[in-house]
Amino acid sequence: MRSVFGLLTVVIVMGLAYWAYQENIKTQAAIARTEKLQADIGAARSRLSVLRAEWAFLNRPDRLINLSNQYLTQLHLAPLRAENFGEIGQVDFPSDFKFDLRSIDVIEVAERGHNNDG
Amino acid sequence: MTGNSLRIPLRPLSRILPARARGENTESIERENIRRRHEEVREDARLRAQSRLLVLAAIFIGLYSVVGLRMGMLSAAEPSELRAVSTGSSIIAQRADIVDRKGRILATNMDTYALYVETEHLVDPEYTANQLALVFPDLKAEKLIKDFTGNRKFMWIKKKLSPDQVQAVHDIGDPGLRFGPREMRLYPNGKLAAHILGGASFGREGVDAAELIGVAGVEKTFDDRLRDPAQSGQALALSIDLSVQAAVERVLYGGMKLLNARGAAAILMDVETGELVSLASLPDFDPNHRPRPPVQGKPSDSPLFNRAVQGVYELGSTFKIFAVAQAMELGLVAPTTMVDTRGPIRWGKFKIRDFHDYGAKLPVWEVITKSSNIGTARIAQMIGAERQQEFLANLGFTKEIPLEMIEASGGKPLLPPKWSELSAMTISYGHGLSATPLHLAAGYAAIANGGYAVQPTLIKQTQPRLGDRVMSEKTARNAMRMLRGVVTNGTASMGEVVGYSVAGKTGTADKPSATGRYEKDKVIATFASVFPANDPKYVLVVSLDEAEDTTGSEPRRTAGWTAVPIAAEIIGRIAPLLGVRPVVENPDAADITKVNWN
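Everything quoted here is computed from the prediction, not taken from an experiment.

## Considerations on the overall build of chain A
Part 1 of the argument: A count of helical and extended segments in chain A gives three helices and one strand.
Part 2 of the argument: Going from N to C terminus, chain A has its helices and strands arranged as α-α-α-β.
Part 3 of the argument: A buried classification covers 7% of the 118 residues belonging to chain A.

## Here's the deal with the overall build of chain B
Part 1 of the argument: When helices and strands are tallied, chain B shows 18 helices and 21 strands.
Part 2 of the argument: A globule of 598 residues ought to have a C-alpha radius of gyration of about 25 Å, yet chain B, at 42 Å, is considerably larger.
Part 3 of the argument: Principal-axis analysis of the C-alpha atoms gives chain B an extent of 165 × 65 × 65 Å.
Part 4 of the argument: Taken over 598 residues, chain B has a buried fraction of 44%.
Part 5 of the argument: Of all intrachain contacts in chain B linking residues separated by at least 6 positions in sequence, the fraction that spans at least 24 positions is 69%.

## Observations concerning the nonpolar core
The nonpolar side chains of a soluble globular protein tend to be buried with one another.
Residue and element names in this part refer to chain B.
Part 1 of the argument: Ranked by internal contacts, the top residues of the largest apolar core, which has 140 residues, are A266, I267, L268, V324, V539, L540 and I571.
Part 2 of the argument: Both domain 1 (98-237) and domain 2 (243-578) contribute no fewer than three residues apiece to this core.
Part 3 of the argument: Every residue in contact with V324, bar those within four places of it in the chain, is listed here: V364, V367, I368, I379, A479 and M482.

## Brief notes about the pairing of strand β5 (residues 199-205) of chain B
Residue and element names in this part refer to chain B.
Part 1 of the argument: For β5 and strand β6 (residues 210-216), the ladder comprises five bridges, and the chain directions are antiparallel. Across the sheet, residue G199 finds its bridge partner in β6, namely A216.
Part 2 of the argument: Joining the antiparallel neighbours β5 and β6 is a turn of four residues.

## Observations concerning the pairing of strand β9 (residues 276-282) of chain B
Residues and elements named next belong to chain B.
Part 1 of the argument: Taking burial as the measure, the seven residues of β9 include seven buried ones, the bulk of the element.
Part 2 of the argument: Both strand β8 (residues 263-270) and β9 contribute to a ladder of six bridges, which runs antiparallel. Looking at β9, one finds that A264 is bridged to L282.
Part 3 of the argument: Where β8 hands over to β9, the hairpin turn is made up of five residues, of which G274 adopts a positive phi near 80°.

## Observations concerning the sheet that holds strand β20 (residues 538-545) of chain B
Sheets are built from strands that pair by backbone hydrogen bonding, the pairs being arranged parallel or antiparallel.
Residue and element names in this part refer to chain B.
Part 1 of the argument: Judged by pairing direction, the sheet is antiparallel, and its five strands sit side by side in the order β9-β8-β20-β19-β18 without closing on themselves. Each end of this open sheet is capped by a strand with a single partner; those strands are β9 and β18 (503-512). Each strand of the sheet is rotated relative to its neighbour by a mean of 10°, with strand direction disregarded.

## What about the domain arrangement of chain B?
Residues and elements named next belong to chain B.
Part 1 of the argument: Each domain of chain B was delimited in the assignment, giving domain 1 (98-237) and domain 2 (243-578).
Part 2 of the argument: For domain 1 versus domain 2, the separation of C-alpha centres amounts to 42 Å.
Part 3 of the argument: For the side of domain 1 that touches domain 2, the secondary-structure elements that each account for two or more residues are α6 (194-197), β6 and α7 (217-221).
Part 4 of the argument: For the side of domain 1 that touches domain 2, the residue count by class is eleven nonpolar, six polar and three charged.

## Concerning the packing of helix α9 (residues 242-258) of chain B against helix α18 (residues 563-578) of chain B
Residue and element names in this part refer to chain B.
Part 1 of the argument: Running from amino to carboxyl end, α9 crosses α18 at an angle of 165°, the nearest separation of the two axes being 9 Å. Here α9 lies roughly antiparallel to α18, going by the angle between them. Of the two elements, α9 crosses α18, and the hand of that crossing is right-handed. On α18, the residues touching S243, V244, A247, V248, V251, L252 and G255 of α9 are I566, E569, I570, R573, I574, L577 and L578.
Part 2 of the argument: Across the contact of α9 with α18, the residue classes tally to ten nonpolar, two polar and two charged.

## Focus on the confidence of the model for chain A
Residue and element names in this part refer to chain A.
Part 1 of the argument: This prediction gives chain A a mean pLDDT of 81; 79% of its residues lie at or above 70.
Part 2 of the argument: Across chain A, element-level confidence peaks in helix α1 (residues 2-58) with a mean pLDDT of 91 and bottoms out in strand β1 (residues 107-109) with 52.
Part 3 of the argument: Scored below 50 in pLDDT, residues 110-118 makes nine contacts in the model with residues more than four places away or belonging to other chains.

## Here's the deal with unusual backbone geometry
Part 1 of the argument: With an omega of -5°, the peptide bond between L282(B) and P283(B) qualifies as cis.
Part 2 of the argument: On the secondary structure map, P283(B) appears in the loop between β9 and α10 (307-310).
Part 3 of the argument: Geometrically, the link from F531(B) to P532(B) is a cis peptide bond, its omega value of -20° lying close to zero.
Part 4 of the argument: Structurally, P532(B) can be placed in the loop between β19 (518-531) and β20.
Part 5 of the argument: Within the chain, H76(A) stands out as a residue other than glycine whose phi angle is a positive 55°.
Part 6 of the argument: Mapped onto the secondary structure, H76(A) falls in the loop between α3 (72-75) and β1.
Part 7 of the argument: Its 13 C-beta neighbours within 10 Å are what place H76(A) among the partly exposed residues.

## Considerations on the confidence of the model for chain B
Part 1 of the argument: Looking at chain B as a whole, the pLDDT averages 86, with 94% of positions reaching at least 70.
Part 2 of the argument: Scoring of the predicted complex yields 0.77 for pTM and 0.71 for ipTM.

## What about the packing of helix α11 (residues 320-329) of chain B against helix α13 (residues 373-383) of chain B?
Residues and elements named next belong to chain B.
Part 1 of the argument: The contact between α11 and α13 brings their axes to 9 Å, and the two run at 45°. As judged from the angle between their axes, α11 and α13 are oblique. As α11 runs across α13, the sense of the crossing is left-handed. Counted together, K320, A323, V324, Q326 and A327 of α11 and T376, I379, A380, M382 and I383 of α13 form the full contact between these two elements.
Part 2 of the argument: Across the contact of α11 with α13, the residue classes break down as seven nonpolar, two polar and one charged.

## What about helix α16 (residues 437-448) of chain B?
Residue and element names in this part refer to chain B.
Part 1 of the argument: The end-to-end C-alpha distance of α16, which contains twelve residues, comes to 16 Å, matching closely the 16 Å that a straight helix rising 1.5 Å per residue would cover.
Part 2 of the argument: For α16, a buried count of twelve out of twelve residues is recorded, marking the element as mostly surrounded by other parts of the structure.
Part 3 of the argument: Looking one or two residues beyond α16, the residue adopting positive phi is G450, at roughly 95°.

Cut-offs and rules
- Note that residues are indexed from 1 along each chain, following the sequence as it is written.
- A letter from A marks each chain and a number from 1 marks each ligand, given out in the order of writing.
- Totals for whole chains, interfaces and linings use all residues, but because this is a predicted model, local features are given only for residues with pLDDT of at least 70 and pairs of side-chain atoms are given and counted only at 80 or more.
- A run of H or I in DSSP counts as a helix once it spans at least four residues, and a run of E counts as a strand once it spans at least two, with each numbered from the N terminus.
- Remark: C-beta atoms are placed from the backbone, and a residue is labelled buried if 20 or more other C-beta atoms sit within 10 Å of its own, exposed if 12 or fewer do, or partly exposed between those counts.
- Atoms considered for the radius of gyration are the C-alpha atoms alone. The globule rule reads 2.2 Å times the number of residues to the power 0.38.
- Remark: residues whose backbone-derived C-beta atoms lie within 7 Å of one another are considered to be in contact.
- By convention the nonpolar core is taken to be a set of buried residues drawn from Ala, Val, Leu, Ile, Met, Phe, Trp, Tyr and Cys and joined through C-beta atoms within 7 Å.
- Domain limits in this description derive from either an automatic procedure or a database domain assignment.
- Paired strands, as defined in this entry, are two strands with at least two bridges between them according to DSSP.
- Axes here mean lines fitted to C-alpha atoms, for a helix over just the part in contact, with angles spanning 0 to 180 degrees between N-to-C directions.
- All amino acids are sorted into three groups, where Ala, Val, Leu, Ile, Met, Phe, Trp, Tyr, Cys and Pro are nonpolar, Asp, Glu, Lys and Arg are charged, and the leftover types, Gly among them, are polar.
- Any angle that falls under 35 degrees is termed roughly parallel, while one over 145 is termed roughly antiparallel, one within 65 to 115 roughly perpendicular, and all others oblique.
- Handedness of a helix crossing follows the sense of rotation of the near helix relative to the far helix, less than a right angle counterclockwise being left-handed and clockwise being right-handed.
- Known as pLDDT, the predictor's confidence for each residue is given on a scale from 0 to 100.
- Any helix carries an expected span of 1.5 Å times its number of residues minus one.

In structure tokens, the structure reads:
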């Protein structure tokens, strides 16, 4: 009886050891995977931050002002001033134009003969 | 009882019988055998106890050595981060970004490399040194050769490398040249808002990493917040508006050059929230390459000096409105009360004069629009030194402003040692008390927002931060009307901006010389303005150091000719950016079309 019990214990211990070993291996693998994912996310974030920095650098006000000066003849971009604003009543709508004017409150003077899209 | 299976009987016949035959006592044989048996048992027990002790000792030694080994390993090993801990949102703990009020980046981080040399791994020190000197023109080849062949084993070459330089160093190909990963602070807008941001540099440095620490401006004030890993994902949002700041700096720079000024400062502040939408000081610097503090010359001539918050100047006639507002608040005068303006006032050896002779009397509102020193001094006499001191303290003129940048503590106002009646009279027109343009902006904001003290801040706010009431709404409204009068028919007539009604007050103060007297022909010209006057939203203070308009027959230095036109140009440029609705009188109605406006 005692030997059977002893044998059983040994078998159980071996089984548990095997299970623990398996779990350990799986955990290690999972940790390694998360580490890799986190490294990837970290790399992606740092890439993103470089792109953001580059975007900010390319859109820095100094550069934009210089570009708008350089391409003034094509783009007609100049600093917005009070004269560029008007009242809605001043807009020359066609006489049969039906539109709820209360929904618009900001208007701008367009360059004569110049396409003002965008 | 184990082992000894062959059990010796206590009275073995083989010995008893012969003994009996010899007539000996057999008891002795039995005793002898009993003794032997006891001995055996004892020996057995001793052995067992010994082996148990041994096992126990082995277990103890084993356990203690495990503990000891682990402790040794922990103390000797490089600290490593826990692997299995969930890191949450922040995977790379970087210094947090700084953004403007609309989320545009003012400061961010870039990965780069630092270059160092391990001299024992250098294959060809001389060639490497010469090549390095070619890549980095600021390094001297001879010095590098000396360093590489000397006793040093390790030396830093460069703290930050550009990608081009990294490639060039790779191309040298010497195994002794090593790269350490670095994170560097990048200010993509260059000089823009340089004084606000300050700058950052490396703190403790290792081969694999270096600490980024703020050295000035908000970078230093919020160093802990920016370095906190828990908040590294959240950018620090300032109250600054990038495009407004750019426009202000550009106009201010143009004006400074045109008027040959030594320096200039501009502050744009929201009157309700105290947010500084723009804060500029010229000359400025590039925070990416922050210059070292000057070792000689006046610190105020250094580009690092922030005139807007550190420059303590006598602000001249811009102060007059405070005396008048207080007198109205106390019920001493009304806007139309006539004030004695006969001059000069003699006070001991001291004389108070006006720029022009304004006759015997002026109404209070004209004392402001014409900027009469004598009239204001008379009003200050009515108020008295004590009440004036209290009022100016409420407006914040007696202490440094606790702005969120480290330099603000340097802007402590200079007060008269004894606040006498004469002090009260001179302070009323802006002499005898020196404060920063930022103090002035805060004071004007209190008038503009209907009478509440407001504390300037650099952090984006979501709601008004009005402080204690310092004057009634009526007083504030009347003061605003007078300030508007200064622009419509007073000393700041060049401050009219199409579409936006500007109110404000000019101030031209002589600069104190090194000897304590006043310099001749050197002035600080200041224009403190509020716009739009009918519904005040922003305060703009423009201050120019030694500006001179030389377009006329003789140089003009008063603020009306220098600071006012610059302020007007700034307002014309920034008001549309700030979304202030202009009063439109557009003659060209046919040209107006609808645009989408988000």
